[in-house]
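Take a look at the letters that make up each chain.
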Amino acid sequence: MLAAGGYRVGLVGRRRELLEEMQSRLPNQPLISQIDVADTDTAIAAFRALIDEMGGVDLVVISSGVDFVSRDLPWEKDKMVIQVNVLGFTAIANTAFNYFLEQGSGHLVGISSVTAVRGGLVTAYNASKAFVSSYLEGLQFRAFKSKKPITVTDIKPGYVDTPMAEGKHLFWAAPPDKAAEQIMDVIKKKKSHAYVTRRWRLVAWMIKIMPRKLYYKS
Ligand SMILES: NC(=O)c1ccc[n+]([C@@H]2O[C@H](COP(=O)([O-])OP(=O)(O)OC[C@H]3O[C@@H](n4cnc5c(N)ncnc54)[C@H](OP(=O)(O)O)[C@@H]3O)[C@@H](O)[C@H]2O)c1
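For every chain, the first residue of the written sequence is number 1, and numbering continues from 1 onward in sequence order. Selection of residues for local features in this predicted model requires a pLDDT of at least 70, selection of side-chain atom pairs for listing and counting requires 80 or more, and totals for whole chains, interfaces and linings are taken over all residues. Derived side-chain values reflect all non-hydrogen atoms in the structure, with water molecules and hydrogen atoms excluded from consideration.

J.: Would you take a moment to explain the packing of helix α3 (residues 75–103) against helix α4 (residues 123–146) for this structure?
T.: A packed helix pair is summarised by two numbers, namely the angle formed by the two axes and the spacing between the axes. The contact between α3 and α4 brings their axes to 9 Å, and the two run at 10°. On the basis of their axis angle, the class for α3 and α4 is roughly parallel. Listed contacts from α4 to Asp78, Val81, Asn85, Val86, Phe89, Thr90, Ala93, Asn94, Phe97 and Leu101 of α3 are Ala124, Tyr125, Ser128, Lys129, Phe131, Val132, Tyr135, Leu136, Leu139, Arg142, Ala143 and Ser146. Geometry is summarised by axes, namely lines fitted to C-alpha atoms with helices restricted to the contacting stretch, and by angles between N-to-C directions that run from 0 to 180 degrees. Here a helix means four or more residues in a row that DSSP labels H or I, a strand means two or more in a row labelled E, and each is numbered from the N terminus. In these notes the angle categories are as follows: under 35 degrees is roughly parallel, over 145 is roughly antiparallel, 65 to 115 is roughly perpendicular, and the rest is oblique. Should any heavy atoms of two residues lie within 4.5 Å, those residues are counted as being in contact.

J.: Sorry, what's going on with the sheet that holds strand β6 (residues 193–196) here?
T.: The pairing of strands in a sheet happens through backbone hydrogen bonds and is either parallel or antiparallel. Judged by pairing direction, the sheet is parallel, and its 4 strands sit side by side in the order β3-β4-β5-β6 without closing on themselves. At either margin of the open sheet sits one strand with a lone partner, and together these are β3 (59–62) and β6. Going from strand to strand, the sheet's axes swing by 15° on average, the running direction of each strand aside. Strand contacts of α4: β4 (106–111) and β5 (150–157), with the helix running at about 160° to β5, the strand carrying the most contacts. In this scheme, strands are said to pair when DSSP sees at least two bridges between them.

J.: Can you walk me through the site of the ligand in this structure?
T.: If a single non-hydrogen atom of a residue is within 4 Å of a molecule or strand, that residue counts as near it. In the vicinity of the ligand, 23 residues are found, and the nearest of them are Arg14, Asp36, Ser63, Tyr125 and Thr162. Within the contact set of the ligand, a nitrogen atom lies 2.9 Å away from a backbone nitrogen or oxygen of Val37. For the ligand, an oxygen atom lies 2.8 Å from a polar atom in the backbone of Val160. To be clear on the numbers: accessible area is Shrake-Rupley with a 1.4 Å probe, and residue cover counts the displayed protein chains and nothing else. Out of a free accessible area of 880 Å², the ligand has 84% covered by protein chains. Asp, Glu, Lys and Arg are counted as charged, while Ala, Val, Leu, Ile, Met, Phe, Trp, Tyr, Cys and Pro are counted as nonpolar; the rest, among them Gly, fall into the polar class. When its residues are assigned to classes, the shell around the ligand shows 11 nonpolar, 8 polar and 4 charged. A 3.5 Å cut-off defines polar contacts: any pair of N or O atoms within that distance qualifies, except that in protein one atom must be a possible hydrogen donor and the other a possible acceptor, and neighbouring residues in sequence count only when both atoms are side-chain atoms.

J.: Explanation requested: α3 in the structure shown.
T.: Structurally, the α-helix is built with 3.6 residues per turn, so residues lying three or four positions apart point the same way. By definition here, a helix of n residues has an expected span of 1.5 Å times n minus one. Counted at 1.5 Å a residue, the expected span for α3 with its 29 residues is 42 Å, and the 40 Å between its end C-alpha atoms agrees. Note on bend: the value at a residue is the angle between axes fitted to the seven residues ending there and to the seven starting there. Its maximal kink placed at Gln83, α3 deviates by approximately 30°. Backbone geometry just after α3 places Gly104 at a positive phi near 95°.

J.: Explanation requested: the layout of surface pockets in the structure shown.
T.: To find the voids left in a structure, one rolls a probe of water-molecule size over its atoms. Quantified by volume, the second largest pocket comes out at close to 160 Å³. Around the second largest pocket sit Ser133, Ser134, Leu136, Glu137, Gln140, Asp154, Lys156, Ser192, His193 and Tyr195, which together line it. Elements represented by at least two residues in the lining of the second largest pocket include exactly α4, β5 and β6. Among the residues forming the lining of the second largest pocket, the class breakdown is 2 nonpolar, 5 polar and 3 charged. The method works on a 1 Å grid over the protein atoms by themselves. A cavity is a set of points holding a 1.4 Å probe that cannot get out, a pocket is an open set with protein on both sides within 12 Å along at least five of seven lines, and residues with an atom within 4 Å of a point line them. Grid points are joined across faces, edges and corners, and a volume is the space filled by probe spheres set on the points.

J.: Explain the nonpolar core here, please?
T.: A general tendency of soluble globular proteins is for nonpolar side chains to be buried together. Among buried residues, those of type Ala, Val, Leu, Ile, Met, Phe, Trp, Tyr and Cys that are joined through side-chain atoms within 4.5 Å constitute a nonpolar core. Relative accessible area decides the class of each residue, using a 1.4 Å probe on protein chains only: under 20% of the type maximum gives buried, over 50% gives exposed, and in between gives partly exposed. One finds Phe47, Val57, Val60, Ile62, Phe100 and Leu108 to be the most contacted residues of the largest nonpolar core, which totals 29 residues. Counting residues per element, the ones that place at least two in this core are α2 (40–53), β3, α3, α4 and β5. With 9 residues, α3 is the single largest residue contributor to this core. Apart from residues no more than four positions distant in its own chain, Ile62 is found in contact with Phe89, Ile92, Ala93, Leu108, Val109, Gly110 and Ile111. Counting 18 residues, the second-largest nonpolar core is a separate cluster that includes Leu19, Val109, Ile111 and Ala194.

J.: How should the pairing of strand β1 (residues 10–13) be read in this particular structure?
T.: Remember that side chains alternate between the two faces of the sheet whenever the strand is regular. Residues Leu11 and Gly13 line the buried face of β1, whereas the alternating positions Gly10 and Val12 sit on a face that is not buried. Where β1 lies against strand β2 (residues 31–34), 4 bridges are found, and the strand directions are parallel. Its bridge partner lying in β2, Gly13 is registered against Gln34. Each parallel crossover has a hand, and the one from β1 via helix α1 (residues 16–25) to β2 is right-handed. Every crossover in which the path from the first strand over the helix to the second runs clockwise, viewed with the strands pointing away from the viewer, is termed right-handed.

Note that every value here comes from positions in space, so none of it alone points to a role or purpose.
If you want it as structure tokens, here you go:
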């Protein structure tokens, strides 16, 4: 949607073939960079190189994330969630924000989750998203103090029908296009935070106020 809207985009992820396929399909000659955010030092260097290759950027969207649903609590899975959703996220958010400070302007968008509002069965994932939202609010604080036109946006999606949601029989799962349209709208309006789709604001509020015993039974 950004590419179709006239942006020259830089696409990042681990799957090179998919990046190349998108590069050939999208307008405005997108650039690509194969980055695994879990490998933070390499990821920061590659992200900086991509910014240079693009001749600078004014919008960074951090969407990479993983979740693992398991009745058990395997350490290796928790570790992977923390490496990608916490360490990987922070490496890129920190680098992007410092770049925007230096440049004097910019817009950073982080994709958190409704699960950020409370701990849950998908233990590490919920905790990782609470970290993401808290870190983004910290950056909003810093942007305000800097007095520079830097915007930081925290997007909290509910369920979206992407590969992450596959096979989980989730309720109210939004089609990816609808979620993306709403995220685009939030980006254009430079809002500080938003639930996607909008109805998830109500769910978040209910999760927050639900008494423990009722919540644990849900
Ligand atoms: N789907 C939902 O219901 C839902 C709900 C709330 C929040 N979210 C959040 O929305 C964001 C996008 O998720 P999605 O639903 O689009 O899931 P998805 O289809 O599984 O996509 C995950 C994306 O993250 C990238 N990624 C994963 N690990 C990475 C790594 N180590 N380094 C770089 N990129 C990595 C993947 O690209 P590669 O595999 O090519 O690296 C892929 O583009 C995530 O942060 C997720 O937590 C999703």
